[in-house]
Amino acid sequence: MTIELAPSILSANFARLAEDAKAALEGGGTVLHVDLEGGGTVLHVDVMDGHFVPNITIGPLVVASLRKALPNAILDCHLMIENPDNYIPAFVEAGASWISVHQEACVHLHRTLQLIASHGCKPGVVLNPATPVHMVDEVLDMVHHLLIMSVNPGFGAQKFIPGALQKIKTLVEVRESLGLSFRIEIDGGVALDTVGDIVRAGAELLVAGNAVFGKGDIRENAKKLLGAARAATLTRA
Ligand code: DX5
Ligand code: ZN
């Protein structure tokens, strides 16, 4: 499995969102010189509604603008909202590539995942730190990615919760035993000091906000983080 960085724009400067996002995609792209159109790499978009999580961020309008500015980027939309079924069509229309929903927010998770897939988007499920991996056993064959939260969702720059590592390891085992191929994504507190353990546990899609956009040069931060992640694959068990 390829290790990929998914820069989270939550920590970007929203007044120059496209420029910040391009810099992160360039630095953390899967190829060295990503073209400025986005290069086909993953950009993580955190959607918050002030109900499911105690914060409000962006909606379909911003996703549509990002799609225009980055026509080739994979827009990985992480919906931290209640009643996601009501908004999925709008995010699809705006240009989302992947849409993930929280297990905790979906009474009819199976139906919601079907809805996402029926629109041609890649469906994902997200688990809060307090939710055991086995809560989603019955839908694992429907998902393109399984996102493990390693902080409580709502804000960037929080401390990594180490319990997430065991959840990644469990998922790797379950995926193997079921012969599935969904990707394992991790979100929250991914930084130079945590990424080694995260990759060794088995995560492949690394969401990082503060570590990329927080301070210093965005391009360099992304490059360094991806470099550290790839180096850790060499020491995987
Ligand atoms: C948190 C969001 C994350 C956030 C991660 O609710 O889902 O994507 O941006 O931020 P960092 O990398 O700063 O912990
Ligand atoms: Zn996120």
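Calculation notes
Residues numbered from 1 in each chain as written. Chains lettered and ligands numbered in written order. Predicted model: local features only at pLDDT ≥ 70, side-chain atom pairs only at ≥ 80, totals over all residues. Heavy atoms only, no water. Buried < 20%, exposed > 50% of the residue type's maximum accessible area, 1.4 Å probe, protein only. Helix = DSSP H or I, 4+ residues; strand = E, 2+ residues; numbered from the N terminus. Pairing = 2+ DSSP bridges. Right-handed = clockwise from strand over helix to strand, strands pointing away. Donors = N, O, S within 2.8 Å, 3.2 Å for Na, K, Ca; no water. Tetrahedral: all angles 85-135°; square planar, octahedral: opposite > 155°, others 65-115°. Near = heavy atom within 4 Å. Polar contact = N/O pair within 3.5 Å; in protein donor to acceptor, adjacent residues only side chain to side chain. Areas by Shrake-Rupley, 256 points an atom, 1.4 Å probe, with all protein chains shown as cover. Contact = heavy atoms within 4.5 Å. 1 Å grid on protein atoms, 1.4 Å probe; cavity = no way out; pocket = protein on both sides within 12 Å on 5 of 7 lines; lining within 4 Å. Points joined across faces, edges and corners; volume = space filled by probe spheres on them. Nonpolar A, V, L, I, M, F, W, Y, C, P; charged D, E, K, R; others polar. Salt bridge = Lys/Arg side-chain N within 4 Å of Asp/Glu carboxyl O.

1. Things to note about the pairing of strand β7 (residues 183-187)
Part 1 of the argument: Taken across its five residues, β7 has five buried, putting it largely inside the fold.
Part 2 of the argument: Residues Arg183, Glu185 and Asp187 of β7 are buried on one face, and the alternating residues Ile184 and Ile186, pointing to the opposite face, are buried as well.
Part 3 of the argument: Bridge analysis of strand β6 (residues 145-149) against β7 gives five bridges, and the strand direction is parallel. Bridge pairing in β7 links histidine 145 to arginine 183.
Part 4 of the argument: On the question of chirality, the crossover connecting β7 to the parallel strand β8 (residues 205-208) by way of helix α6 (residues 195-201) is right-handed.

2. Re the coordination of the zinc ion (ligand 2)
Part 1 of the argument: At the metal site, the zinc ion (ligand 2) is ligated by His44 (NE2), Asp46 (OD), His78 (ND1) and Asp187 (OD), and these contacts range over 2.0 to 2.3 Å.
Part 2 of the argument: Between the six donor atoms coordinating the zinc ion (ligand 2), the angles at the centre fall across 69 to 168°, so the site counts as octahedral.
Part 3 of the argument: Here the donor residues of the zinc ion (ligand 2) are spaced in sequence according to H-x1-D-x31-H-x108-D. Here histidine 44 is found in strand β2 (residues 42-48), whereas its partner histidine 78 is found in strand β3 (residues 74-80), with 34 residues between them in sequence. When sorted by exposure, histidine 44 lands in the same class as histidine 78, which is buried.

3. A look at the site of ligand 1
Part 1 of the argument: Around ligand 1, the surrounding shell holds 20 residues, and the nearest of these are Ser8, Asp46, Asp187, Gly189 and Gly209.
Part 2 of the argument: In the environment of ligand 1, an oxygen atom lies 3.3 Å from a nitrogen or oxygen atom belonging to the side chain of histidine 78.
Part 3 of the argument: In the environment of ligand 1, an oxygen atom lies 2.8 Å from a nitrogen or oxygen atom belonging to the backbone of glycine 189.
Part 4 of the argument: Burial of ligand 1 by the surrounding chains reaches 99%, relative to a free accessible area of 380 Å².

4. Notes on the side chain of threonine 131
Part 1 of the argument: One can find threonine 131 in the loop between β5 (122-127) and β6.
Part 2 of the argument: Those residues within four positions of threonine 131 in sequence are excluded, and the remaining contacts are Gln103, Glu104 and Lys167.

5. Focus: the layout of surface pockets
Part 1 of the argument: What the largest pocket holds in volume is close to 510 Å³.
Part 2 of the argument: Lining the largest pocket we find 35 residues, and of these Val190, Ala208, Gly209, Asn210 and Ala211 sit closest to its centre.
Part 3 of the argument: A total of three residues in the lining of the largest pocket trace back to one element, the largest contributor, which is helix α8 (residues 218-233).
Part 4 of the argument: Residues belonging to the lining of the largest pocket are distributed by class as follows: 16 nonpolar, 13 polar and six charged.

6. Notes on the pattern of salt bridges
Part 1 of the argument: Scanning the model with the defined rule gives five salt bridges in all.
Part 2 of the argument: Among the ionic pairs, glutamate 4 bridges to arginine 183, the shortest N-O distance being 3.0 Å. One end of the pair, glutamate 4, is in strand β1 (residues 4-7); the other, arginine 183, is in strand β7, and 179 residues separate them in sequence.
Part 3 of the argument: Judged by relative accessible area, glutamate 4 falls into the buried class, the value being 11%.
Part 4 of the argument: Given a relative accessible area of 15%, arginine 183 falls into the buried group.
Part 5 of the argument: Notably, a salt bridge pairs arginine 219 with glutamate 26, separated by 2.2 Å at the nearest N-O pair. Residue arginine 219 is found in helix α8, and its partner glutamate 26 is found in helix α1 (residues 17-27); the two are separated by 193 residues along the sequence.
Part 6 of the argument: Since its relative accessible area comes to 36%, arginine 219 is described here as partly exposed.
Part 7 of the argument: With relative accessibility at 21%, the residue glutamate 26 sits in the partly exposed group.

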